[in-house]
Amino acid sequence: MLAKRSPAGAPGAAPSESVADALLRHYDAHARRLPWRIPPGASERADPYRVWLSEIMLQQTTVAAVIPYFEKFTTRWPDVAALAHADEAEVMAAWAGLGYYARARNLIACARVVADELGGRFPDSEEGLLALPGVGAYTAAAIAAIAFGRRAVVVDANVERVVARLFAIATPLPQGRGAIREATDRITPDARAGDFAQAMMDLGSAVCTVKTPQCLLCPLRPQCAAHAEGRAEVYPVKPPKKEKPTREGLIWWLEREDSHVWIERRGDKRMLGGMAGLPGTAWDARGGAQGGEPPVPGDWIALNAGVEHVFTHFRLLLSVRRQVVGAACLPDGEGQWWPLARIGEAGLPTVFAKVVHRMTEKG
DNA sequence: CACACGTGGAG
DNA sequence: TCTCCAAGTGT
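In this numbering scheme, every chain counts its residues from 1 along its sequence in written order. Each chain gets a letter, beginning with A, and each ligand a number, beginning with 1, in the order they are written. Local features in this predicted model are restricted to residues of pLDDT 70 or higher, and side-chain atom pairs are both shown and tallied only at a pLDDT of 80 or more, whereas totals for entire chains, interfaces and linings draw on every residue. Water and hydrogen atoms play no part in the side-chain values, which are based on all heavy atoms of the structure.

Under the annotation held in an unreviewed UniProt entry, chain A carries the name Adenine DNA glycosylase and is attributed to Sphingobium jiangsuense. Among the UniProt annotations of chain A, the heading Sequence similarities (unreviewed entry) holds the following wording: "Belongs to the Nth/MutY family." UniProt positions are given in the numbering used here, feature names are shortened, and annotations may be inferred rather than shown by experiment. Within the UniProt record for chain A, the comment given under Function (unreviewed entry) is "Adenine glycosylase active on G-A mispairs. MutY also corrects error-prone DNA synthesis past GO lesions which are due to the oxidatively damaged form of guanine: 7,8-dihydro-8-oxoguanine (8-oxo-dGTP)."

Participant: I keep staring at the overall build of chain A and nothing clicks. Help me out?
Facilitator: Where helices and strands are cited, they refer to DSSP runs of H or I of at least four residues and of E of at least two residues respectively, numbered from the N terminus. Counting secondary structure elements, chain A contains 13 helices and eight strands. Residue burial is assigned from relative accessible area. The probe radius is 1.4 Å, only protein chains are included, and a residue is buried under 20% of its type maximum, exposed over 50%, and partly exposed in between. Sorting the 363 residues of chain A into buried and exposed places 45% on the buried side. Partitioning the contacts of chain A with sequence separation of at least 6, the portion at a separation of at least 24 is 67%. In short, Shrake-Rupley with a 1.4 Å probe defines the accessible areas, and a residue's cover is counted only from the protein chains shown. Summed over its atoms, the accessible surface of chain A is roughly 19000 Å², and 52% of this surface lies on carbon and sulfur atoms. For chain A, the separation between the mean place of its 43 positive charges and that of its 40 negative charges on side chains is 6 Å. Here a residue-residue contact requires only that any non-hydrogen atoms of the pair lie within 4.5 Å. His residues and chain termini do not enter the charge count, which takes Lys and Arg as positive and Asp and Glu as negative. In this description, the location of a charge corresponds to atom NZ of lysine, CZ of arginine, CG of aspartate or CD of glutamate.

Participant: Just checking my understanding: could you explain the layout of surface pockets for this structure?
Facilitator: If you roll a probe as big as a water molecule over the atoms, it shows you where there is empty space left. Of the pockets and cavities examined, the largest pocket occupies roughly 850 Å³. Every element with two or more residues in the lining of the largest pocket is listed here: helix H2 (48-58), helix H8 (137-148), helix H9 (157-166) and helix H11 (193-206). Considering every element that reaches the lining of the largest pocket, the biggest residue donor is H11, with five residues. Residues of the lining of the largest pocket, tallied by class, amount to 11 nonpolar, 11 polar and six charged. Each cavity reported here is a set of points on a 1 Å grid over the protein atoms alone in which a 1.4 Å probe fits but cannot get out, each pocket an open set with protein on both sides within 12 Å along at least five of seven lines, and each lining residue one with an atom within 4 Å of a point. Grid points are joined across faces, edges and corners, and a volume is the space filled by probe spheres set on the points. Taken as a whole, the second largest pocket holds about 480 Å³ of empty space. Lining the second largest pocket we find 22 residues, and of these Gly99, Tyr100, Tyr101, Phe311 and Thr312 sit closest to its centre. Listed by contribution, the elements that provide at least two residues to the lining of the second largest pocket are helix H6 (102-117), strand E6 (307-310) and helix H13 (350-360). Residues are grouped as follows: Ala, Val, Leu, Ile, Met, Phe, Trp, Tyr, Cys and Pro are nonpolar; Asp, Glu, Lys and Arg are charged; every other residue, Gly included, is polar. Partitioned by chemical class, the residues of the lining of the second largest pocket number 11 nonpolar, nine polar and two charged. In this entry, domain limits derive from an automatic or database-based domain assignment. Looking at which domains feed residues into the lining of the second largest pocket, each of domain 1 (19-234) and domain 2 (246-360) supplies at least three.

Participant: Teacher, can you tell me more about the pattern of salt bridges here?
Facilitator: For this document, the term salt bridge refers to a Lys or Arg side-chain nitrogen within 4 Å of an Asp or Glu carboxyl oxygen. Enumeration over the complete set of coordinates arrives at 17 salt bridges. Asp258 is the salt-bridge partner of Arg256, the closest N and O atoms lying 2.8 Å from each other. Judged by its relative accessible area of 14%, Arg256 is buried. Taking the shortest distance from any N to any O, the salt bridge between Arg315 and Glu308 comes out at 3.3 Å. Beyond isolated ion pairs, a larger network of salt bridges with shared partners links Asp28, Arg192 and Asp195.

Participant: Even after reading the chapter, I still don't get H8, so can you show me in this structure?
Facilitator: Helical geometry note: an α-helix holds 3.6 residues per turn, so side chains three or four residues apart project in the same direction. In this analysis, the expected span of each helix is defined as 1.5 Å times one less than the number of residues it contains. Between the first and last C-alpha of H8 there are 16 Å, a value that for 12 residues agrees with the 16 Å anticipated at 1.5 Å per step. Looking at the buried side of H8, the elements it contacts are H2, helix H7 (126-130) and H11. Just past H8, the residue Gly149 takes up positive phi, approximately 70°.

Participant: What am I meant to see in the protein's contact with DNA strand B here?
Facilitator: In the vicinity of DNA strand B there are 19 residues, among which Tyr101, His309, Thr312, His313 and Thr350 approach most closely. The nearness test applies per residue and asks whether one of its heavy atoms lies within 4 Å of the molecule or strand. When the atoms of DNA strand B within 4 Å of the protein are grouped by moiety, sugar and phosphate amount to 64% of the total. Any N or O atom pair separated by 3.5 Å or less is treated as a polar contact, with the protein-specific requirement of one donor-capable and one acceptor-capable atom, and with residues adjacent in sequence counted only for side-chain atom pairs. Contact distances for DNA strand B include 3.4 Å between a phosphate oxygen and a side-chain N or O atom of Lys242. Here a phosphate oxygen of DNA strand B and a side-chain polar atom of His313 are 2.6 Å apart. Broken down by class, the residue content of the surface near DNA strand B amounts to 10 nonpolar, eight polar and one charged.

Participant: Even after reading the chapter, I still don't get the protein's contact with DNA strand C, so can you show me in this structure?
Facilitator: Close contacts around DNA strand C come from 26 residues, with Leu58, Gly134, Asp156, Asn158 and Lys241 the closest. Counting only atoms of DNA strand C within 4 Å of the protein, the fraction found in sugar and phosphate groups is 67%. At a separation of 3.3 Å, a phosphate oxygen of DNA strand C approaches a polar backbone atom of Tyr138. Among the elements of the structure, H2, H8, H9 and H11 are those that each provide at least two residues to the surface near DNA strand C. In terms of residue class, the surface near DNA strand C is made up of 11 nonpolar, eight polar and seven charged.

In C-alpha cells:
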C-alpha cells in the first residue's frame, strides 16, 4: 500500500507518513479486543445494535466498567427488538451501578423508535442517527463510521486530547473545540474512518494519556507538535474546575419484621430518575431538607453515622432513620416490600446501595 | 454557553 | 486520602 506524504513542515524535513496511515498501521498491530469490536481486517461487519449499545454505555464511562454491563445486556437482549419490548423496570435495574441513568431511559426510548418506527434498522447516516434519543454529535459520528463505514469526524475526549497535542492547540476548552474539530476533520481518512476513530481512542486511552503520556511508544510522535515542544501533557488546556457544594438529605429505612425493606420507584424528572430508590427527603443545601414525610408514622430512630456519596456536581450527606414494622404494614405511596436477602437484585443506584450496606452490615 | 447528570479506577 | 476525570447528551 502507498503511504500518503504529508507536506514537509520545515524546509529539508524528511517526508513522513500521514497521521492516518501511521495510526492505522499501529492499530492493525495493537487494536484492543473488545466485546463490541470487530478486529481490524476481519470480513465481518459490526452489528449496529452492538455498536450503538456500546457507544451509549461508554459515554463518560470507562471500558472496564462497561464490559460486564455490555455482556449482560447483549445476553439478555440480543437485538434491538428484544430491548424495545423488554420490561422497562428490568432494563433500568440492569443499568443500576453504571451511572448517568438518563442514558438508560433514552436507551429504551431509542430502541422503541428503531424497532417500531424504523423497521428494526438503525439509520445509516449521521443525520438520521442524530435524531435518535440519547444520540448526540459524537455518538452519531461514531456509529456512522464504525457500523456503517461512513466517513465521519469522530471527536470524543480522547480525540480532543490527541489532536490538541498533535497540533499544539493552546486555546483553552471549550473555546478550542472548533479548532480541534477542524484539525480532526483534516486528518480523518476517507477510508476506514471507523478504525481511525477507534484507533484514536485506543491511543488516547493507552498512550496519549492525560497524565504522563507515553510519547516514546507513540506512533504519531514524529508528527506531534506538543512533543516537539517537550510538553505534551499541558494540552488540551482546560478551565479550572468548580468547587463541589454539599447537600444533605434524609433516608427513611422502613424495615418489616420479616426482613423486607420498603423501596420506591423514583420519578423520571428527579435525579436518578426512573431508578429504584429508598424513600427520603429531597437533597438540598444544608438545613433545607424539608418536605419529606415518612412513608408511615411512628417512632423513627435516628442512626448515629450517616452515609456520604459524591456525585458529579455535589457531595451528599445522608442521614438515616429506621423503623421496624409488622407484616401487615402497608406504607403510603407507590413502592414495594423487597426481601433483604435479594436486595442486590433490586436495581438500586450506588448511593442507595451504600445505605443498604450500612444498614445490613454486622455490628 | 453553562450546567445537570453517576460511578469507580488511577496516580 | 484526595483529585482528576472517562468513547457526552439534553436543556
